[in-house]
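Each chain, letter by letter, is given below.
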Amino acid sequence: MISPLSCIIVDDEPLAVKLLESYVAKTPQLQLEHSFTDSVEALAWLKEHPVNLAFMDIQMPDMNGMELSHMLPEGTKVIFTTAFKEYAFESYEVSALDFLLKPIRYNKFIAAVEKAEQWFSHSELTANKTSMFIRVDGELRQVSFDQIVYVEGMKDYVRFHLEGERIPLTTHMTMKTVEDALPTDTFMRINRSYIVRLDKIRTVDRNMCVYIGDEIIRVTEAYRDAFERYCSGV
């Protein structure tokens, strides 16, 4: 696993920055690279100095944390820090690792760091895998990542649409679990209900609709910036 995790702090409140700096300083799993009170300045810096983890406030002037999270370099994960719990659901929509509600206590902070460690550890393992097991009708079936065209979410179930197979595999699993299991260099979530294998995409039209397999899937706003960066090669 990557150790320590490089991180930045982005918060327009200087006192909040100082508190998080003190937490990072006593957490050996973390290495603070920079702190920012300006989100635009943070974005410019990150383009030249990508890090593993960003502790980021949501409500900030010029560019809020949600907007900034869509523009982060690939591989930089977010832990949101905010005084407004109503943002919790939206934070998971952008695949944030965790959501810390202010005032932040150190025990909550360290729990979020441990979650980040688990994510990066799992990500390293996934990068070396070429397949996954899916439970279908009580049996485990091994599915090669190369077979998967796209994954479709349906509440607590997902359908794996496989190349060369007319009937998709349906299993009891969440989209978040699938997203974490698939390698991020070849798969991308493009809306709440779909993850696609990027090299299986035939066309992307002017309305940001993806043509893949027998499906036309629209890239929704929460995932558009990351997808556009992929398409432009950034």
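The structure reproduced in this document is the subject of the present report.

Procedures and definitions
Every chain's residues receive numbers from 1 upward, in the order its sequence appears when written. Predicted model: local features are reported for residues with pLDDT of at least 70 only, side-chain atom pairs are reported and counted for 80 or more only, and whole-chain, interface and lining totals are derived from all residues. Excluded from the side-chain calculations are hydrogens and water; all other atoms, namely the structure's heavy atoms, are used. Each helix is a run of DSSP H or I of at least 4 residues and each strand a run of E of at least 2, with the numbering of both proceeding from the N terminus. The size measure is the radius of gyration over C-alpha atoms, and the globule rule it meets is 2.2 Å times the number of residues to the 0.38 power. Buried means the residue's accessible area, taken with a 1.4 Å probe over protein chains only, is under 20% of the maximum for its type, while exposed means over 50%, and partly exposed covers the values in between. When checking whether two residues touch, look at their non-hydrogen atoms; a contact exists if any pair is within 4.5 Å. In short, Shrake-Rupley with a 1.4 Å probe defines the accessible areas, and a residue's cover is counted only from the protein chains shown. Only four residue types enter the charge count, namely Lys and Arg as positive and Asp and Glu as negative; His and the chain termini do not. For the purpose of locating charges, the reference atoms are NZ of Lys, CZ of Arg, CG of Asp and CD of Glu. Nine residue types can take part in a nonpolar core, namely buried Ala, Val, Leu, Ile, Met, Phe, Trp, Tyr and Cys, and a core is a set of them joined through side-chain atoms within 4.5 Å. Two strands qualify as a pair provided DSSP detects at least 2 bridges between them. Axes here mean lines fitted to C-alpha atoms, for a helix over just the part in contact, with angles spanning 0 to 180 degrees between N-to-C directions. For this analysis, a salt bridge means a side-chain nitrogen from Lys or Arg found within 4 Å of a carboxyl oxygen belonging to Asp or Glu.

1. Regarding the overall build of the chain
Helix and strand content of the chain: seven helices and 15 strands. Computed over C-alpha atoms, the radius of gyration of the chain comes to 19 Å, within 12% of the 17 Å expected from 2.2 N^0.38 for 234 residues, which places it in the range of a compact globule. C-alpha extents for the chain along the principal axes are approximately 55 × 40 × 30 Å. Looking at the chain as a whole, 48% of its 234 residues qualify as buried. Taking the contacts inside the chain whose residues are at least 6 apart along the sequence as the reference set, 49% of them involve residues at least 24 apart. When the accessible surface of the chain is totalled, it reaches about 12,500 Å², and 50% of it is carbon and sulfur. Charge separation in the chain, taken as the distance between the mean sites of 25 positive and 36 negative side-chain charges, equals 5 Å.

2. Describing the nonpolar core
In terms of nonpolar packing, the biggest core is built from 21 residues, with Leu20, Leu30, Leu53, Phe55, Ile79 and Phe109 touching the most fellow members. Excluding its chain neighbours within four sequence positions, the residues that come into contact with Leu30 are Pro4, Leu5, Cys7, Val24, Leu53, Phe55, Phe109 and Val113. Judged by nonpolar contacts, the second largest core, of 20 residues, contains Met56, Leu68, Ala96 and Phe99.

3. Things to note about unusual backbone geometry
At the junction of Lys102 and Pro103, the peptide bond is cis and its omega measures out at -5° in the coordinates. Mapping Pro103 onto the fold places it in the loop between β5 (98-101) and α5 (106-127). Residue Asp137 is not a glycine yet carries a positive backbone phi of 55°. In this fold, Asp137 is placed in the loop between β6 (131-136) and β7 (139-144).

4. Some words on the side chain of Ser39
Assignment of secondary structure puts Ser39 in helix α2 (residues 39-48). For Ser39, a relative accessible area of 2% corresponds to the buried category. Apart from residues no more than four positions distant in its own chain, Ser39 is found in contact with Val10, Met60, Pro61, Met63 and Leu68.

5. Section: the sheet that holds strand β4 (residues 77-82)
Read across the sheet, five strands follow the order β2-β1-β3-β4-β5 without closing on themselves; strand pairing throughout is parallel. Each of the sheet's edge strands pairs with one partner strand only, and the pair in question is β2 (30-36) and β5. If you compare each strand with its neighbour and ignore which way they point, the axes differ by 20° on average. Where helix α1 (residues 14-25) meets the sheet, its contacts fall on β1 (5-10), β2, β3 (53-57) and β4, and the angle it forms with β2 comes to roughly 165°. Packed onto the sheet, α2 meets β1 and β2 and runs at close to 130° relative to β2.

6. Structural notes on the sheet that holds strand β8 (residues 148-154)
Pairing in this open sheet of five strands is antiparallel, and the strands run β10-β9-β8-β12-β11 from one edge to the other. Two strands bound the open sheet, and with one partner strand each, they are β10 (169-172) and β11 (187-191). Strand-to-strand, the axes of this sheet are offset by a mean angle of 20°, without reference to chain direction. For β8 and strand β9 (residues 157-162), the ladder comprises six bridges, and the chain directions are antiparallel. Along β9, the bridge assignment pairs Gly153 with Val158.

7. Re the pairing of β4
Across the six residues that make up β4, a large majority, six, are buried. On β4, burial covers both faces: Lys77, Ile79 and Thr81 on one face and Val78, Phe80 and Thr82 on the other are all buried. Two strands pair when backbone bridges link them, and β3 and β4 are joined in this way by five bridges, in the parallel orientation. Bridge assignment links Ala54 to a residue of β4, and that residue is Val78. The pairing of β4 with β5 spans four bridges and is classified as parallel. From the neighbouring strand, Thr81 faces β5, where its bridge partner is Leu100.

8. Re the pattern of salt bridges
The tally for this structure, following the rule as stated, stands at 10 salt bridges. Glu13 is paired through a salt bridge with Lys102; the nearest N and O atoms lie 3.9 Å apart. Taken together, the residues Glu13 in the loop between β1 and α1 and Lys102 in the loop between β5 and α5 connect sequence positions 89 residues apart. Residue Glu179 is joined to Arg189 by a salt bridge in which the shortest nitrogen-to-oxygen separation is 3.2 Å. Note that Glu179 is positioned in helix α6 (residues 175-181) and Arg189 in strand β11, a separation of 10 residues in sequence.

All quantities given are derived from atomic positions and should not be read as evidence of function.
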